[in-house]
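Here is how the chains run, residue by residue.
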Amino acid sequence: MKILVVEDEVKAAGYLRKGLTEEGYQVEVAHSGVDGLHMAAVNEYDLVILDWMLPGIDGLAVLSALRHTRSVPVLMLTARGQVEDRVRGLQSGADDYLVKPFAFSELVARVQVLLRRASGSRTVAETTLYKVADLEVDMVRRKASRSGQRLELTPKEFSLLALLLRRQGHVLSRTELAEQVWDMNFDSETNVVEVAIRRLRSKLDQPFERPLLHTVRGMGYVLEDRI
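Everything in this summary refers to the structure shown in the same document. Here the structure is a predicted model, which is why all the values come from computation and not from measurement.

### Quick notes on the overall build of the chain
So, step 1. Helix and strand counts for the chain come out as eight helices and 11 strands.
So, step 2. Within the chain, buried positions represent 44% of all 227 residues.
So, step 3. Restricting to contacts in the chain with at least 6 residues of sequence separation, those with at least 24 account for 55%.
So, step 4. Surface exposure of the chain reaches about 11,900 Å², of which carbon and sulfur atoms provide 49%.

This is the structure:
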């Protein structure tokens, strides 16, 4: 799941990016309304977290412009706590509203609800439930199981599995995995990908007879059912 955070306070934006990334989401940040509107127009996001008070174009203006072209769920963040402000934000097209300061756990819960609600209106082609052999993964509820047995995955392990699932049958290089899952440029001295693959494989494959995660020597990794 890919989230855009539009927040002009650098510290707050960094906090949101770090926390949501640790929850397993892919996060991009814009520090102004103009940049946020541009990014939302040219990229596909599953959710936008939008601050009300922004330099140049405020959050309501961004929301109004966004609603002409996108139906992406929008969670507004603001220090404005008056009832009339919340009503105004919701009437302008926001799907939910959270007043600063807020507990991060509440934000995560609201994000999950919005994503779950949005998934209910998607077409079959945009399914959030993936199956490979006896593996089932629910992208919105962030649950994975094999043969009915729940896989206890960390947020990063789930993100890694989700990426491999969306590209099942395709070999993904260490560089691509590092960029997509860890948002980092690949460093040949870093073994973060190998360590994560090993931990994921210990939960995904080792307890079961048929392996699904395969290493392609010299190329990368692929998730597929090899009969």
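Next, the rest of the story.
### Some remarks on helix α5 (residues 104-119)
So, step 1. In a regular helix each residue adds 1.5 Å, so 16 residues correspond to 22 Å; α5 covers 23 Å between its end C-alpha atoms and thus fits that length.
So, step 2. Of the positions making up α5, those classed as buried are Phe104, Leu107, Val108, Val111, Leu114, Leu115, Ala118 and Ser119. Looking straight down α5, one finds that the buried residues subtend no more than 135° of arc, so they occupy a single side. Turned more than 90 degrees from where α5 packs its buried face, Ser105 and Arg117 sit exposed.
So, step 3. Buried positions along α5 lie against β1 (2-6), α1 (10-22), β3 (47-51), β4 (74-78) and β5 (96-99).

### Observations concerning the environment of Glu224
So, step 1. Structurally, Glu224 can be placed in the segment after β11 (220-223).
So, step 2. Each C-alpha atom of the pair Glu224 and Val132 lies 7.1 Å from the other, and the pair is 92 residues apart in sequence.
So, step 3. Ignoring sequence-local partners within four residues, the contact set of Glu224 consists of Val132, Gly169, Pro211, Leu212 and His214.
So, step 4. At 2.8 Å, the side chain of Glu224 and the side chain of Arg226 are in polar contact.

### A word on the pattern of salt bridges
So, step 1. Throughout the structure, instances matching the rule amount to 15 salt bridges.
So, step 2. Residues Glu136 and Lys131 are paired through a salt bridge, measuring 3.8 Å at the closest nitrogen-oxygen approach.
So, step 3. Lys131 gets classed as exposed once you look at its relative accessible area, which sits at 52%.
So, step 4. Close ionic contact of Glu194 with Arg174 constitutes a salt bridge, the shortest N to O distance being 2.5 Å. Taken as a pair, Glu194 in helix α8 (residues 192-204) and Arg174 in helix α7 (residues 174-182) lie far apart in primary sequence, 20 residues in all.

### Things to note about the nonpolar core
So, step 1. Among the nonpolar cores identified, the biggest contains 51 residues, and Ile49, Leu107 and Leu161 are the most heavily contacted of them.
So, step 2. It is helix α6 (residues 155-166) that contributes the most residues to this core, seven residues altogether.
So, step 3. The next biggest cluster of nonpolar side chains, apart from the first, holds 19 residues, and it includes Ala30, Val48, Leu54 and Leu60.

### Comments concerning the sheet that holds strand β6 (residues 129-132)
So, step 1. Here four strands make up an open sheet; going across it, the order is β6-β7-β8-β9 and the pairing antiparallel. The open sheet has two edge strands with one neighbour each: β6 and β9 (149-150).
So, step 2. Lying on the sheet, α6 is in contact with β6, β7 (135-138) and β8 (143-146); it crosses β7 at an angle near 110°.

### A short note on the sheet that holds β4
So, step 1. Spatially, five strands are ordered β2-β1-β3-β4-β5 in an open sheet, and the strand pairing comes out parallel. Every other strand in the sheet has two partners, leaving β2 (26-30) and β5 as the edge strands with one partner each. When the angles between neighbouring strand axes are averaged without regard to direction, this sheet yields 20°.
So, step 2. Relative to β2, β1 is paired through five bridges, and the arrangement is parallel. Directly across from Ile3, in β2, lies its bridge partner Val27.
So, step 3. Relative to the sheet, α1 contacts β1, β2, β3 and β4, its axis offset from that of β2 by approximately 170°.

Definitions and cut-offs
- In this numbering scheme, every chain counts its residues from 1 along its sequence in written order.
- Totals for whole chains, interfaces and linings use all residues, but because this is a predicted model, local features are given only for residues with pLDDT of at least 70 and pairs of side-chain atoms are given and counted only at 80 or more.
- Here the side-chain values reflect all heavy atoms present in the structure, with hydrogen atoms and water set aside.
- Put simply, DSSP marks the helices as runs of H or I at least four residues long and the strands as runs of E at least two long, and each gets a number from the N terminus on.
- A 1.4 Å probe rolled over the protein chains alone gives each residue an accessible area, and that area as a share of the maximum for its type sets the label: buried under 20%, exposed over 50%, partly exposed in between.
- By the convention used here, residues are in contact when the closest approach between their heavy atoms is within 4.5 Å.
- All accessibility values rest on the Shrake-Rupley procedure with a 1.4 Å probe; residue burial counts only the protein chains present in the view.
- Multiplying 1.5 Å by the helix residue count minus one yields the expected span of that helix.
- The directions considered for the arc are those from the helix axis to the C-beta atoms.
- Definition of a polar contact: a pair of N or O atoms within 3.5 Å, with one able to donate and the other able to accept a hydrogen when the atoms are protein atoms, and with sequence-neighbouring residues admitted only if both atoms are side-chain atoms.
- When a carboxyl oxygen of Asp or Glu is within 4 Å of a side-chain nitrogen of Lys or Arg, the pair counts as a salt bridge.
- Residues belong to one nonpolar core when they are buried, are Ala, Val, Leu, Ile, Met, Phe, Trp, Tyr or Cys, and are joined through side-chain atoms within 4.5 Å.
- When DSSP finds two or more bridges between two strands, those strands count as paired.
- Fitted lines through C-alpha atoms give the axes, limited to the stretch in contact for helices. The angle between two N-to-C directions lies from 0 to 180 degrees.

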